Amino acid sequence: EDTLYPNANGTFQQFSVKDSTATGRHWTSVDEVDGSADTGTYVYLTGGDEADYYETENLESFDYTYSIIDSVKIHVRGKKTGVTTSPSFYWYDGTTAVTGGEIAITTSYADSYEKRTTNLTGGAWTSTNLNNLQAGLYINAGVGTGTVYITQINVHVYFTVSVAANKPHTITQGITSGGITK
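Residues numbered from 1 in each chain as written. Predicted model: local features only at pLDDT ≥ 70, side-chain atom pairs only at ≥ 80, totals over all residues. Heavy atoms only, no water.

To summarise the sheet geometry, strands pair through backbone hydrogen bonds and adopt either a parallel or an antiparallel arrangement. An order of β2-β5-β10-β7-β8 is seen for the 5 strands of this open sheet, with the pairing classed as antiparallel. Because the sheet does not close on itself, it has two edges, and the strands there are β2 (6–13) and β8 (97–102). Looking at each pair of strands side by side, their axes are set apart by 25 degrees on average, direction ignored. Bridge analysis of strand β7 (residues 88–92) against β8 gives 4 bridges, and the strand direction is antiparallel. Paired with Tyr 92 across the strands is Ala 97, a residue of β8. (Pairing = 2+ DSSP bridges. Helix = DSSP H or I, 4+ residues; strand = E, 2+ residues; numbered from the N terminus. Axes fitted to C-alpha atoms, helices over the stretch in contact; angles between N-to-C directions.)

Here it is as structure tokens:
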């Protein structure tokens with residue numbers, strides 16, 4: 001499993017930012033180590049019909065050529081007060097945008113996840129899809145007078161390492177599959 005954290009603003013930055021030093025850098029407000037308090041940084045929204053998207057880190061320098069990416073999951077930690085509608089997950093890969101399900105948050109900070117086993121066009125996930133991925137939030141109009149707070153957002157990548165027949169793969173101890181190396 002790899003976890004990809006926000007490292008830049010995405011296409012939209014329409015939520016407000018609590019940390020005044022993060023003005024213009026929304027992504028630094030959703031990377032809290034302890035996402036359970038209002039004392040750190042966070043993004044928030046009072047109102048609706050707004051979105052905040054975050055570019056994520058690229059995959060580690062692991063060779064995914066012979067790996068199968070099984071699924072990708074967006075993780076969000078947040079809460080809402082006086083709001084009847086929660087934000088929705090939002091997936092964007094630079095070309096295709098998909099609005100996901102509602103983020104299950106309540107009046108206390110809680111984690112919510114949405115998992116996809118296919119990329120945004122229905123095919124298998126690739127490292128290219130993931131390296132272009134923006135994870136985000138969208139909340140439609142009609143949230144009333146309440147507020148939505150988000151302290152964390154990141155992307156989890158689940159994969160299976162597979163070894164193709166007759167393809168050499170160097171292992172750190174110097175042994176190679178598909179042939180013998182001493």
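What follows concerns the packing of aromatic side chains. Taken as a whole and assessed by the stated rule, the structure comprises 6 aromatic pairs. Taken together through their ring pairs, the aromatic side chains of Phe 12, Tyr 53 and Tyr 90 make up a single cluster. Across from the ring centre of Tyr 149, 5.4 Å away, lies the NZ or CZ of Lys 79, which sits over that ring. The positively charged end of Arg 116 is found above the aromatic ring belonging to Trp 91, 5.9 Å away from the centroid. (Phe/Tyr/Trp six-rings, centres within 6.5 Å; stacked < 30°, edge-to-face > 60°. Lys NZ or Arg CZ within 6 Å of the ring centre and 35° of its normal.)

We now examine the pattern of salt bridges. Tallying each qualifying case throughout the model produces 1 salt bridge. A salt bridge links Arg 77 to Asp 111; the shortest N-O distance between them is 3.0 Å. Residue Arg 77 is found in strand β6 (residues 67–81), and its partner Asp 111 is found in strand β9 (residues 110–116); the two are separated by 34 residues along the sequence. On the basis of relative accessibility, which here comes to 13%, the residue Arg 77 falls in the buried class. (Salt bridge = Lys/Arg side-chain N within 4 Å of Asp/Glu carboxyl O. Buried < 20%, exposed > 50% of the residue type's maximum accessible area, 1.4 Å probe, protein only.)

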